[in-house]
Amino acid sequence: MNKTDTDGFEKLKFGLDIQMNLWYVVVLEKELISMSTRKLLTNGNAFKRTDNRWGGVVWYMDEQGERKRKSFSGTTKAEVNKKMTEYIAAFNDSIIESQETKKRLKDSMQNWLEVFKFPSVERTTYDRYECTAKNQIYPFIGDKVVGDIKSADIKKLLNDKMNEGYAYTTVKKVHNVLNEYFRYLTQQEYIDRNPMISAPMIKKSNFLAAQDKENLPTSETITVYTPEEIKIFKEEAFSTFSNGKRKYQQAAAYILMLNTGLRTGEVLGLLNSDIDLENRVMHLNRGVKEISKRDGVTAEKGREVKVGKLKSATSKRDVPLNDTAIEMILDLRKEFYFGEDSPLIPDENGDFTRPVNFRKRYYRILKAAGIETKGLHSLRHTFATNLVNGIKQPDGSIKSLTPRQVADLLGHTTSEITELYYVKRDLAKLNGITVGFDM
């Protein structure tokens, strides 16, 4: 056999080796590459080239399903085999890395958050998702391999949170994030079965019973101010030092909220030009939120103010002003006024006030007044409750509004939201109501 025949035989032998190795390698790597379109087709074989150097080829399929090859060369067969072995090892590692089921949950979930959730939700919503993941999920099951996580792992996490005394809403947020994440894995066919199917959220009644807490109707858990508390709050809010200077900056803002039902972000987003005192109305066009500082999607230290759209389409509305609300607006302008295009409740530089500073001042007033801690949203709840239940007038009559009217004032889509989550029912009105209905 001459040299030409030998070369032809080597090429033929190499071609046969590729075909023979194809089935073997695909079967061998079946589990490894089952979730990826990148596939290693052959392990390669070193062969003597016509220039007396050694060569080798590893065939693979890329992400688009196209057959590709990687060529190697060297002065010895051992050198070429070493190069191919190292390449194949790196190739296999890259395939493993590309499979979500082989990753740790915290790496996979963080990638899902940054790629899928960050562009599609409000920044405050994303901050909440990421905060829940980093504080309530990663420390407990974050190091588990995604493909190894079972329903029992999810149930244990939820049960542990419940037994540790976490609030029902906090544990529900954990469940919601996990539910969305595993639904994504299922939809992308990274996993065959969603472990959340067998790990439903614990019923609220059972959750509270396990914590020895009473399962009260939603309307009974709403916090509102009593008339006595409102009086005490106002006295403290407008109190002064011995020199006559007020103790609390922009205290009138809280009374304005009490008389308009505005959310914190809504009242802080008001410009002076949004207020029409002549027609006794304010126009809500924007809201103020506090979000994590970020370089792209990566969180940095600190938080910043973001001025943007309101919570929903119905949040953009006109709110009528009563006498007290107008009085509070004038009081705020007397304290700080930087022009019509500046915020009604500005900071010292005329910029939008940070919600965190606004809340801190509010809690200082509550503490000094000796009033039980209530969130800022309690001012909104009090507004809604008084309008629906009614306020006694000087002539003894009760003036009230329908839930639908109050829903429009609050910017709610439906009156059911208002009645269920914002109005604390006055059950005293039922006293004696069945008199005359004897059967």
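*Asks:* Residue-level account of unusual backbone geometry, with values.
*Replies:* Positive phi, normally seen in glycine, also occurs at Gln-250, with a value near 55°. Looking at the element boundaries, Gln-250 is found in the loop between helix H10 (227-237) and helix H11 (252-260). The class of Gln-250 is buried, set by a relative accessible area of 1%. Residue Arg-280 is not a glycine yet carries a positive backbone phi of 55°.

*Asks:* Describe in detail the pattern of salt bridges, supporting the description with residues and values.
*Replies:* Per the stated rule, a full pass over the model turns up 23 salt bridges. Put simply, Glu-130 and Arg-294 hold a salt bridge, and the shortest N to O gap is 2.7 Å. Of this pair, Glu-130 sits in helix H5 (residues 123-141) while Arg-294 is found in strand S7 (residues 287-295), placing the two residues 164 residues apart along the sequence. Each member of the pair, Glu-130 together with Arg-294, is buried. The salt bridge partner of Asp-408 is Arg-404, with a shortest N-O separation of 2.7 Å. Here Asp-408 pairs with Arg-404, and both are found in helix H16 (residues 403-410), just four residues apart, close to one helical turn. Assessed through its relative accessible area of 46%, Asp-408 is described here as partly exposed. By relative accessible area, which is 35% here, Arg-404 ends up partly exposed. Because the salt bridges share partners, they merge into one network encompassing Arg-104, Lys-106, Asp-107 and Asp-143.

*Asks:* Which residues make up helix H14 (residues 355-369), and what values go with them?
*Replies:* An ideal rise of 1.5 Å per residue puts 21 Å on 15 residues; H14 measures up with 21 Å between its terminal C-alpha atoms. All buried positions along H14 are accounted for by Pro-355, Phe-358, Arg-361, Tyr-362, Ile-365, Leu-366 and Ala-369. The buried residues of H14 all sit within an arc of 140° when viewed along its axis, so they share a single face. Summarising the contacts, the buried residues of H14 are in contact with H10, H11, helix H12 (264-268), S7, strand S8 (298-308) and helix H15 (377-389).

*Asks:* Could you give an account of the nonpolar core, naming the residues involved and the relevant values?
*Replies:* Ranked by internal contacts, the top residues of the largest apolar core, which has 39 residues, are Phe-233, Leu-256, Val-267, Met-282 and Phe-358. If sequence neighbours within four positions are ignored, Met-282 has contacts with Leu-256, Thr-260, Leu-262, Leu-270, Asp-274, Ile-275, Arg-317, Asp-318, Val-319, Leu-321 and Ile-329. Trp-112, Ile-141, Ile-149 and Leu-178 belong to the second-largest nonpolar core, a separate cluster that totals 33 residues.

*Asks:* How would you sum up the pairing of S7? Please name residues and give values.
*Replies:* Pairing of S7 with S8, which is carried by eight bridges, proceeds in the antiparallel orientation. Following the sheet pairing, Val-288 is matched in S8 by Val-307.

*Asks:* Can you break down the packing of helix H4 (residues 105-117) against helix H7 (residues 168-187) residue by residue, with the values?
*Replies:* Contact pair H4 / H7: the axes reach a minimum separation of 11 Å and the direction vectors enclose 85°. Taken together, the axes of H4 and H7 lie roughly perpendicular to each other. Contacts between H4 and H7 involve Leu-105, Ser-108, Met-109, Trp-112, Phe-116 and Lys-117 from the former and Val-177, Leu-178, Glu-180, Tyr-181, Phe-182, Tyr-184 and Leu-185 from the latter. In terms of residue class, the contact of H4 with H7 is built from ten nonpolar, one polar and two charged.

*Asks:* Hey, could you go over a nonpolar patch on the surface for me, with residue numbers and the actual values?
*Replies:* A contiguous nonpolar patch, built from Ile-417, Leu-420 and Tyr-421 and spanning about 260 Å² of accessible area, is present on the exposed surface. We classify Leu-420 as partly exposed; its relative accessible area is 38%.

*Asks:* Account for the side chain of Ser-151, with residues named and values stated.
*Replies:* Within the element layout of this structure, Ser-151 appears in helix H6 (residues 151-163). Once residues within four sequence positions are removed from consideration, Ser-151 is found in contact with Arg-193, Pro-195, Ser-198 and Ala-199.

*Asks:* Give me the lowdown on the sheet that holds strand S5 (residues 275-276), citing residues and values where you can.
*Replies:* In any sheet, the strands associate via hydrogen bonds between backbone groups, in a parallel or an antiparallel arrangement. In spatial order, the strands read S5-S6-S9; together these three strands make up an open sheet with antiparallel pairing. Here the strands that pair on one side only, and so sit at the sheet edges, are S5 and strand S9 (318-320). When strand S6 (residues 281-283) meets S9, the two strands line up antiparallel, connected through three bridges. Bridge pairing in S9 places Val-281 opposite Pro-320.

*Asks:* An account of the confidence of the model for the chain is requested, with residue identities and associated values reported.
*Replies:* With 87% of its residues at a pLDDT of 70 or more, the chain shows a mean pLDDT of 86. Residue range residues 6-36 is modelled with pLDDT below 50. Its contacts to residues more than four positions away, or to other chains, number 35 contacts.

*Asks:* Any chance you could break down the environment of Met-328 for me, citing the residues and the numbers?
*Replies:* In this fold, Met-328 is placed in helix H13 (residues 323-335). On the basis of relative accessibility, which here comes to 5%, the residue Met-328 falls in the buried class. Linking Met-328 and Ala-253, residues 75 residues apart in sequence, is a C-alpha distance of 6.9 Å. Discounting chain neighbours no more than four positions away, the residues touching Met-328 are Phe-238, Ala-252, Ile-255 and Leu-256.

*Asks:* Describe the packing of aromatic side chains, naming the residues involved and giving the relevant values.
*Replies:* In this structure the tally under the stated criterion is 17 aromatic pairs. On the basis of an interplanar angle of 90° and a centroid distance of 6.4 Å, the ring pair of Phe-233 and Tyr-254 is categorised as edge-to-face. A residue pair is termed long-range when its members are at least 10 positions apart, and Phe-233 in helix H10 and Tyr-254 in helix H11 qualify at 21 residues. Residue Phe-233 is classed as buried on the basis of its relative accessible area of 3%. Taking relative accessible area as the criterion, Tyr-254 reaches 0% and is therefore assigned buried. Through a chain of ring-to-ring contacts, the aromatic side chains of Trp-112, Phe-116, Tyr-181, Phe-182, Tyr-184 and Tyr-190 assemble into a single cluster. The ring of Trp-59 carries the charged tip of Arg-67 above its face, separated from the ring centre by 4.1 Å. Over the aromatic face of Tyr-225 sits the side chain of Lys-374, whose NZ or CZ is 5.4 Å from the ring centroid.

Calculation criteria
- Residues numbered from 1 in each chain as written.
- Predicted model: local features only at pLDDT ≥ 70, side-chain atom pairs only at ≥ 80, totals over all residues.
- Heavy atoms only, no water.
- Helix = DSSP H or I, 4+ residues; strand = E, 2+ residues; numbered from the N terminus.
- Buried < 20%, exposed > 50% of the residue type's maximum accessible area, 1.4 Å probe, protein only.
- Salt bridge = Lys/Arg side-chain N within 4 Å of Asp/Glu carboxyl O.
- Expected span 1.5 Å × (residues − 1).
- Arc of directions from axis to C-beta.
- Contact = heavy atoms within 4.5 Å.
- Core = buried A, V, L, I, M, F, W, Y, C linked by side-chain atoms within 4.5 Å.
- Pairing = 2+ DSSP bridges.
- Axes fitted to C-alpha atoms, helices over the stretch in contact; angles between N-to-C directions.
- Parallel < 35°, antiparallel > 145°, perpendicular 65-115°, else oblique.
- Nonpolar A, V, L, I, M, F, W, Y, C, P; charged D, E, K, R; others polar.
- Patch = residues over 30% accessible without salt bridge, like charges linked within 9 Å, V, L, I, M, F, W, Y side chains within 5 Å.
- Areas by Shrake-Rupley, 256 points an atom, 1.4 Å probe, with all protein chains shown as cover.
- pLDDT = per-residue confidence, 0-100.
- Phe/Tyr/Trp six-rings, centres within 6.5 Å; stacked < 30°, edge-to-face > 60°.
- Lys NZ or Arg CZ within 6 Å of the ring centre and 35° of its normal.

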